[in-house]
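Chain residues, written in single-letter form:
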Amino acid sequence: MQSINGYHAHVYFDASTLAQARALCEEAARLFPEVVMGRVHEKQVGPHPDWSCQLAFGPQLVSEMLPWLAMNRRGLVVFMHPLSGDELADHRDHAIWMGAVRPLKLSVFGAD
């Protein structure tokens, strides 16, 4: 089995849910000091089809972060994936979706 070095949870939002997404990410970073909150992107970044904010954390936190996000996302879509060193597989094959599955732009990883 491949080693998992960490996780990213990407909280998706739009103009109407920007404040909600920012509050969720800030609360996650406050409650879980090991979580690193990334920038709040009001544009599409990388493979993400929507505006997003990234939460990065180690594998030891996944059992706490996954249920916390599931119970607190209040309708926001959250895309979580492991960091195994294979970005394409991590985003395509090992994804955990909370809410609607969104079409990722996998071409950024060289996929068709």
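Right above here is the structure, for reference.
Since this is a predicted model, take the numbers as computed values, not measurements.

Asks: For this particular structure, what's the right way to read the environment of R30?
Replies: Here R30 lies in helix α1 (residues 18-31). A polar side-chain atom of R30 sits 2.9 Å from a polar atom in the side chain of E27.

Asks: Just to check I follow, could you spell out the packing of aromatic side chains for this structure?
Replies: How two aromatic rings sit relative to each other is given by the distance of their centres and the angle of their planes. Enumeration over the complete set of coordinates arrives at 5 aromatic pairs. Ring plane angle 80 degrees and centroid distance 5.8 Å describe the contact between F32 and W68, whose orientation is recorded as edge-to-face. Separated by 36 residues along the polypeptide, F32 in the loop between α1 and β2 (36-41) and W68 in helix α2 (residues 62-72) bring together distant segments of the chain. As far as the burial class goes, F32 and W68 line up, both buried. Members of the aromatic cluster, each reached through a chain of ring pairs, are Y12, F79 and W97.

Analysis parameters
Residues numbered from 1 in each chain as written. Predicted model: local features only at pLDDT ≥ 70, side-chain atom pairs only at ≥ 80, totals over all residues. Heavy atoms only, no water. Helix = DSSP H or I, 4+ residues; strand = E, 2+ residues; numbered from the N terminus. Polar contact = N/O pair within 3.5 Å; in protein donor to acceptor, adjacent residues only side chain to side chain. Phe/Tyr/Trp six-rings, centres within 6.5 Å; stacked < 30°, edge-to-face > 60°. Buried < 20%, exposed > 50% of the residue type's maximum accessible area, 1.4 Å probe, protein only.

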